[in-house]
Amino acid sequence: MTEARIWRRGPQLSAPQWQRVLTLLLVVQFMLMPPVLMMLPAWLVLIPVVTGSWQWQVLRGRWRPPGRAVRWSLVLALPLLLVLGGMHPGALDFYVALAFIGVALKLFEMRTYRDAWLVSLMAFFVFATLLLLDQGIFYSLYVFLGVSFCLAALARLHAPRGISLLGAWRTSARAVLIAVPFMLLLFVAFPRLPPIWQMPMASEQARTGLSDTLSTGGIAQLAQSNELIFRARFDGAAPPQSELYWRAMTLNHFDGTRWTQWSGSGPTADLLQGEPPAPAAAAEQWSYEMILAPTAQPWVATLEHLTTYQAADARWAVDNRLVWRENLRRPTGLTARSARTVAQADELPTGVRQAALQMPSAGNPQLRSQAADWYAEADSDLAMAERIMDFFADEDFRYTLQPGTYGGADGIDEFLFDRRLGFCAHYAEAMVLMLRSVDIPARLVTGYMGGQWREDGSYVVVRAREAHAWVETWIEGQGWVRFDPTGVVAPDRLTGSLSDALTDDDQATASDNWGDTTAPGWLQRLYWQWDSAQYGWQRWVLNFDADDQSSLLEDWFGDPAPGVWLSWIGGGLIFIFVTWYGVQYLTGRARLWGASRLEMLGRRHCRRQWPELPPNEGLTQWARRLHNRSPEFADQLSAFAEAVLAARYGPPAGQKQQRRLARQRLQTLRRLRAPRARETDEHRQQEDQGTATALQSSRDQ
Amino acid sequence: MGMLRDATEATLERWIRTRTPPRTRIRLGQRQIFIIPNRYGMGLLLLVLLLFVMGTNYQNNLVLALAFWLVALFVLSIHLTYLNLSGLQLQAGHSASGFVGAPMQHAVHLHSQRPRYGLLVSGDEQPERWLDELAAQEHVQLSVQTTPQQRGLQPAPRLRVETRFPFGWITAWTYWLPDQQGIAWPVPVDHGAQRTATEDPEAQQTTAWRNDPEALDDVREYSPGDPQRRILWRHYARRGVLAVKAPPPAGGETRHLDSRQVVDLDRESGLQQLCWWVLECDAAGTDWSLRLPDYWLPPGRGEHQRLQGLDALALSGSAPAHRSGKKKEAAT
């Protein structure tokens, strides 16, 4: 028998505990490696590889376990290495890496029960922190599996020899699955709190999305990315495809080659204030719900003419858009409402007007003179804008993603009057500059256009490839008016998908996605099923917030008062437990009907009279044992046993009669008592015949 | 402070004792099982709190879900740990007799309908014993050891059966006082007392009994300790009763041991001296009888006689135990 003393004297692990727990914990550590490899600097994985192989050599008796000096220098050196490797000690991933190293080192020096327990806790922690970096469905399932393995290791720690690997895993898996409904209950019902304090964020990760600078001349070929930007679901009717202008930001400052948001470094505090405009009277409105992908950028694209929004971290900017307080790092929900038209301010604020009129002092002379000519002919600002649109429509402009570069300070002249190849940003930028050159406030707007609808029309997916740029110009009396010169050059771009608007050459460069109409049908269906699973995951799991919680509870219970639903939950739990124990009790009793119940009663009587009767023997054996001590009792008992056996296993025809007989004999038996006085004494004598006791325990099946 | 703690512990101990009276047989249930989260469980809850704060601060639902899940597992493990003990059957077994100061073995039995894992059996001043697995329907005999310090009935020590299976966050345990006693015989010491040949007034009676024609001279019922080769198998085959052939009467005289022979010594030393003589007689193979103030053992020899004599010496002066000895005589 093992003398494994786990928690009282000497906390050392016994040999089987150590080996078997170590194996499982090494598996857990191994499971931590792939996500770390993907999300953190890859060299971190080398640490458990080195310590693991060292441990392997120790297990085989080739190397010695690490000394105190080695362990301490590792503990001190590795965090230093992290900092030297470029991780910021204030960033989240630094701590994740630290916990990961902690698991490796603690496992390396694991000798005691406490060590094993600590490794399990640290592994839980690493899994949890990695969830901050990746919240996909697959990774979440992976964490589920990893935690189950960790629990299996714990189960093995507590029964080192008794439980097989499979058995331990089964034990933990059963517990894990039973715990799931309780987790869901807590998940739905436990109040969501606002952040308690600010936490360090992960270091910047490059993601695609809209940039806040634009330099159209330098782009020879526009890369097409399928990166998800957001999904949107409309409550009720959706606007037509050609009206799906998702507005993300305005670019106001142009230095001759490059557009930036403002003349300074970025939006200043006074630009982030105010409220969205009210919808115009009798204007059509659309309410929708968006799940924003983590783009690591603070700006989000919303449908043009946003009127209301619900998101705690969003701020309204003066150029009519939403800006997030932080970069988006996890899928985020946003509920909003947009109108076809909004009530416009009468006056343009001075700062905004100045920004919308800014222009480099020199460059593109042809553009300036052409604009001046048209402006002289036009009788209003609006007519001027329409004249420019006509120009794009009438002349031989071609929409392409591979326009080549337009270099130098006069690049836009080259585009407008020479090559006439370009994508949305080229047209928008040229139009803005023409308007500005004649003192009409105008700005470049970037965002997304359209999107890909799910077949059943339940939601629209917008990807990076749907990026678009258009123009807004300030018309006195009407406010900001949208013009989209791309629309007149390539009308397909507005009504259909992007691929419709492209030439064959462009088609080749545009990357496909499986949801496209070009893919085979089954692949499209599979793709959209997966996409909608992801949508559901992001909408109902990752973005299940306090609002969802209260509306869900309201749906279920009608009354959102916390006292009411708390008592519902409490009552539900009590109900579950009462039912559980009721069923346990009843099934325990139910097994004891008929002859089995008679046998149980008979056995109980015998055990009361003769407590020393071994519980694992049958009635007949008992009768034989009692033969010497109380022949009368023994005779009656064997008669009873005979009747019970016949009632249970005899021919079915006679069972009922035998049961009656057994009941009568039980009555007789119950009247008999063991001779009290002799009981203990005989017991002792009986025991004397037993084998001599030894220090080892003996087992018999 | 220390006094308060002592008082609390004493009260707790008293309460536990009232809840766990000596039992011959016990099936563990709610009344017997104590269960409480241990410090490792507290550590887990601390981690859960950390995860909850982390999930709240990052507004990350998955981290919150993990925290909730661990809480659910923690609560569930209370149930699982309890289930690992509940229904376990403990049964008192045989306690071997022995001399004062020598280790005494008490056998106890564990039986289970369901498989159980990781049971730790310990007792007051007992080495811990680790039962990794108890299979379904398995019957395990454990032997616990005490060292009696004085003669008389030596109860088996209180046992503690503990488990932390499956996850180690919760400790469930039970105390069990097996209702079984061994008999601690006095140590045989030769104090040098002189044995005077006192006439045994009851010896005559014995002879009368021996001469009873009903009682076969050399055949008596089997009693534990009789050598196997003396069993009359033919008799057993005919009547179904084990009988042995009594040893032939010793050629020498019957030695009558009597507490009056040791009046010079104090009570305990006297018993030690008598014990010495009993062993001496037994070794010599002569018939001997024993007289104590409230007990008489008729002449005889052999293992059974020796055990009876030693038991009588051990229990001498303790009234209830002695009654038991009397009955033994009557039964034989």
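Residues numbered from 1 in each chain as written. Chains lettered and ligands numbered in written order. Predicted model: local features only at pLDDT ≥ 70, side-chain atom pairs only at ≥ 80, totals over all residues.

## Focus: the sheet that holds strand β15 (residues 255-258) of chain B
Residues and elements named next belong to chain B. Test applied: A pair of strands counts as paired when DSSP detects no fewer than two bridges linking them. Counting from the N terminus, the helices are the DSSP runs of H or I reaching at least four residues and the strands are the DSSP runs of E reaching at least two. Axis geometry follows a simple rule: fit a line to the C-alpha atoms, using only the stretch in contact for helices, then measure angles between N-to-C directions, giving values from 0 to 180 degrees. This entry defines residue contacts through backbone-placed C-beta atoms, with two residues in contact when those atoms are within 7 Å.
Across the sheet, which stays open at both edges, the three strands sit in the order β15-β16-β17 with mixed pairing between neighbours. In the strand order of this sheet, the two ends are held by β15 and β17 (295-300), each with one partner. Ignoring strand direction, the axes of neighbouring strands in this sheet form an average angle of 10°. Relative to strand β16 (residues 288-292), β15 runs parallel, the two sharing four bridges. Across the sheet, residue R255 finds its bridge partner in β16, namely W288. In the packing of helix α6 (residues 267-284) onto the sheet, contacts are made with β15 and β16, and the angle to β15 comes to roughly 165°. Its contacts with the sheet put helix α7 (residues 302-315) on β16 and β17, and the angle it makes with β17 is roughly 160°.

## Re the nonpolar core
The condition that has to hold: One nonpolar core equals one set of buried Ala, Val, Leu, Ile, Met, Phe, Trp, Tyr and Cys residues connected by C-beta atoms within 7 Å. The exposure label follows from counting other C-beta atoms within 10 Å of a residue's C-beta, where the C-beta atoms are placed from the backbone and the thresholds are 20 or more for buried and 12 or fewer for exposed, leaving partly exposed in between.
If you look at the biggest cluster of nonpolar residues, it comprises 107 residues, and the most contacted ones within it are F100, V103, A123, V126 and A153 of chain A together with V63 and L66 of chain B. Residue contributions to this core peak at 16 residues, all from helix α5 (residues 113-133) of chain A. Discounting residues that sit within four places of it in the chain, F100 of chain A has contacts with L32, V36, L44 and V126 of chain A. If you look at the next biggest cluster of nonpolar residues, it comprises 76 residues, including V352, V432, M434 and W470 of chain A.

## Comments concerning the packing of helix α22 (residues 631-649) of chain A against helix α23 (residues 655-671) of chain A
All names here are of chain A. The condition is simple: Throughout this description, any angle smaller than 35 degrees is read as roughly parallel, any larger than 145 degrees as roughly antiparallel, any in the 65 to 115 degree range as roughly perpendicular, and the remainder as oblique. Crossing handedness is defined as follows: a turn of the near helix away from the far one that is anticlockwise and smaller than a right angle gives a left-handed crossing, while the clockwise case is right-handed. Only Asp, Glu, Lys and Arg are considered charged, only Ala, Val, Leu, Ile, Met, Phe, Trp, Tyr, Cys and Pro nonpolar, and every remaining residue, Gly among them, polar.
Here α22 crosses α23 at 155°, and the two axes come no closer than 8 Å. One finds that α22 runs roughly antiparallel with respect to α23. Helix-helix and strand crossings are classified by hand; for α22 and α23 the assignment is left-handed. Every residue of α23 that contacts α22 at Q636, L637, A639, F640, A643, V644, A646 and A647 is listed here: Q655, Q658, R659, L661, A662, R665, L666, T668 and L669. Here the contact of α22 with α23 is composed, by residue class, of eleven nonpolar, four polar and two charged.

## Digging into the confidence of the model for chain B
Residue and element names in this part refer to chain B. Let me state the cut-off plainly: In predicted models, pLDDT denotes the confidence assigned by the predictor to each residue on a 0 to 100 scale.
Scored by pLDDT, chain B has a mean of 81; 86% of the residues are at 70 or more. Here residues 200-215 is modelled with pLDDT under 50, and outside its nearest four sequence neighbours on either side it reaches eight contacts, counting other chains as well. In this model, residues 319-332 is a region of pLDDT below 50 whose contacts with residues beyond four sequence positions or in other chains number 20 contacts. Predicted complex metrics record ipTM = 0.74 and pTM = 0.68.

## Regarding α23 of chain A
Residues and elements named next belong to chain A. Definition in use: A helix is expected to span 1.5 Å for every residue after the first. Directions pointing from the helix axis toward each C-beta atom define the arc.
Between its first and last C-alpha atoms α23 spans 24 Å; for 17 residues at 1.5 Å apiece the expected length is 24 Å, and the two agree. Looking only at α23, the buried set comprises Q658, R659, A662, R665 and L669. Taken around the axis of α23, the buried residues stretch over an arc of 125°, which confines them to a single face. Counted as exposed and oriented over 90 degrees from the buried face of α23: K656, R660, Q667, T668 and R671. Turning to α23, the residues buried within the fold contact α20 (594-609) and α22.

## Overview of the pairing of strand β6 (residues 285-292) of chain A
Residue and element names in this part refer to chain A. Across six bridges, strand β2 (residues 228-235) lies against β6 in antiparallel orientation. Residue R231 lies in a different strand from β6, and its bridge partner there is I291. For β6 and strand β11 (residues 332-339), the ladder comprises eight bridges, and the chain directions are antiparallel. Bridge pairing in β11 places Y288 opposite A336.

## Concerning the environment of N38 of chain B
All names here are of chain B. Relative to the assigned elements, N38 resides in the loop between β2 (33-37) and α2 (39-57). C-beta crowding within 10 Å serves as the criterion here: with 13 such atoms nearby, N38 is assigned to the partly exposed category. Linking N38 and I170, residues 132 residues apart in sequence, is a C-alpha distance of 5.5 Å. When residues no more than four places from it in sequence are discounted, the contact partners of N38 are W169, I170 and T171.

## Observations concerning the sheet that holds strand β4 (residues 253-254) of chain A
Two orientations exist for strands paired in a sheet by backbone hydrogen bonds: parallel and antiparallel. Residues and elements named next belong to chain A. Spatial ordering of the open sheet is given by β1-β5-β4, a layout of three strands whose pairing is antiparallel. Two strands bound the open sheet, and with one partner strand each, they are β1 (213-214) and β4. Here two bridges tie β1 to strand β5 (residues 259-260), and the two strands are oriented antiparallel to one another. Looking at the pairing, L214 lines up with W259 of β5.

## Thoughts on the environment of L110 of chain B
Residue and element names in this part refer to chain B. By the secondary structure assignment, L110 is in strand β5 (residues 104-111). Residue classification places L110 among the buried residues on the basis of 22 C-beta atoms within 10 Å. For the pair L110 and L90, spaced 20 residues apart in the sequence, the C-alpha separation amounts to 4.8 Å. Not counting residues up to four positions away in its chain, the partners in contact with L110 are L88, L90, L134, V140 and L142.

## Some words on the UniProt feature "transmembrane region" (unreviewed entry) in chain B
Residues and elements named next belong to chain B. Here is the rule we go by: UniProt positions are given in the numbering used here, feature names are shortened, and annotations may be inferred rather than shown by experiment.
Under the UniProt annotation, "transmembrane region" (unreviewed entry) lies at residues 33-56 and 62-85. In the segment residues 33-56, helix accounts for 75% and strand for 21%; the C-alpha atoms at its two ends are 37 Å apart. As annotated, residues 62-85 comprises 100% helix and 0% strand, and the C-alpha atoms at either end are separated by 34 Å.

## A word on unusual backbone geometry
Across the junction of F165 of chain B and P166 of chain B, the peptide omega takes the value 5°, indicating a cis bond. Structurally, P166 of chain B is set in the loop between β10 (159-163) and β11 (170-176). The backbone of A282 of chain A sits at a positive phi, close to 65°, despite the residue not being glycine. Considering the arrangement of structural elements, one finds A282 of chain A in the loop between β5 and β6. Since 8 C-beta atoms lie within 10 Å of it, A282 of chain A is described here as exposed. One non-glycine residue, D439 of chain A, lies in positive phi territory at about 65°. Of note, D439 of chain A is situated in the loop between α12 (424-437) and β14 (442-449). According to the C-beta neighbour criterion, D439 of chain A is exposed, with 11 such atoms within 10 Å.

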